[in-house]
Amino acid sequence: MTGESMDGVNEDAGRGELHPDARAFLDGLAAKGLPSTATLSVESAREQSGMLVERTEGPEVEDVFDVSIPGPDGPVPLRVYRPAGDDGRGVLVYFHGGGWVLGGLDKMDAACRHMAVESGRLVVSVNYRHAPEHPFPAGLRDCRAATRWVTENADAIGGDAGRVTVGGDSSGGNLAAAVALSFRDFDGPTLERQLLIYPATEHAFDTESHEENASGYYLERADSRWFWDHYLDDELDGKHPYASPLRARDLSGLPPASILTCGFDPIRDEGIAYARRLSEAGVPVRHHHYPDQIHAFVGMFVEPMRSHAEEALATMLNDLSE
């Protein structure tokens, strides 16, 4: 796999040749004959999501435990991954993807285990409330509460409150960016960094990447619309910067960002645009682009995609040690 990493923004980031392993994965998925998410009910989509990518085991960590913390409208479940080592380590608060509708603690278990081992940090995975039962901003409020709880209780779980990073993939990347924005706006805890893996940053579907990757590459443009339609109670909510971080007027004063984008991803261009806006606002940015990969590959801890997921996560997590 060819990954392109640079300080600042890779303005030439686009599509290369689809990696043979990604093609093999897509062919295997097509052979299952599963319908597009955009054609399904929420209940059916949740049932099908478990069949799209088989769950696998991640590496062993020293300790894994679940905890329920007080949230804005009820308890918020967290899962803490503690690798071997001394206390006082940095913490990565992680928000899973799934279009704000799908996913959960189990779906990203292998990836979270890998992130803990690879980084030597505590990883705290957040099971925020899902849409459409709990539309915007319910999930974001849970993520804010979880991140604040981690900063206030880091010592108790073996972490360092001064080194808390937020991260997430896809809709989770959207939530991580929104947490960082809202903490800046309302004098929240200081965050060390934001790790945004193919983040959704804009409620719009008119970019070049949406056109050229509209279908056939795992996440499709129609799926993206379906997810947004379920996340937002009202179309106007899509204009709010905490729903669409790219629409924020001012991005200065935010924590340094590591942003990963993929060539064969309909939301590629909005991730690149967000990296560009951050950089122009004076925020240090590291852009990692994979021109030969598809959306969601970082969470695919299955063959033939596992090595690509591990490599990409290691590259992103390396930014935390610099």
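Counting of residues starts from 1 at the beginning of each chain's written sequence and follows it residue by residue. Per-residue local features are limited, in this predicted model, to residues with pLDDT of at least 70; the limit for side-chain atom pairs, both in listing and counting, is 80 or more; totals at the level of whole chains, interfaces and linings are taken over all residues. The side-chain quantities take in all heavy atoms of the structure and omit both hydrogens and water.

**Description of the pattern of salt bridges**
Thought 1: Note on definitions: salt bridges are taken to be side-chain nitrogens of Lys or Arg within 4 Å of carboxyl oxygens of Asp or Glu. Considering all chains together, one arrives at 21 salt bridges under this definition.
Thought 2: R82 is paired through a salt bridge with D63; the nearest N and O atoms lie 3.3 Å apart. In this pair, R82 is assigned in strand 3 (residues 74-82) and D63 in strand 2 (residues 63-71), connecting sequence segments 19 residues apart.
Thought 3: Whether a residue is buried, partly exposed or exposed follows from its accessible area with a 1.4 Å probe, protein chains only, as a fraction of its type maximum: under 20%, in between, or over 50%, in that order. For D63, a relative accessible area of 27% translates into the label partly exposed.
Thought 4: Ionic pairing is found between R129 and D142, a salt bridge with its closest N-O pair at 2.9 Å. Of the two residues, R129 sits in the loop between strand 5 (122-126) and helix 4 (138-157) while D142 sits in helix 4, which places them 13 residues apart along the sequence.
Thought 5: Taking relative accessible area as the criterion, D142 reaches 2% and is therefore assigned buried.
Thought 6: Here the salt bridges do not stand alone but share partners, grouping D66, R79, D106, D109 and R113 into one network. Here a strand is any run of E in DSSP of at least two residues, a helix any run of H or I of at least four, and the numbering for each starts at the N terminus.

**What about the nonpolar core?**
Thought 1: Only buried residues count toward a nonpolar core. Its members are Ala, Val, Leu, Ile, Met, Phe, Trp, Tyr and Cys residues joined through side-chain atoms within 4.5 Å. With 63 residues, the main nonpolar core has F95, Y274 and L278 as its most contacted residues.
Thought 2: Among the elements that take part in this core, helix 5 (residues 171-185) stands out by supplying eight residues, more than any other.
Thought 3: Here, two residues are considered to be in contact whenever any of their heavy atoms come within 4.5 Å of each other. The contacts of Y274, once residues within four sequence positions are left out, are A177, L181, L196, T201, P245, L246, L251, L254 and I259.
Thought 4: By size, the runner-up hydrophobic cluster in this structure holds 38 residues, among which are A22, Y94, F297 and M300.

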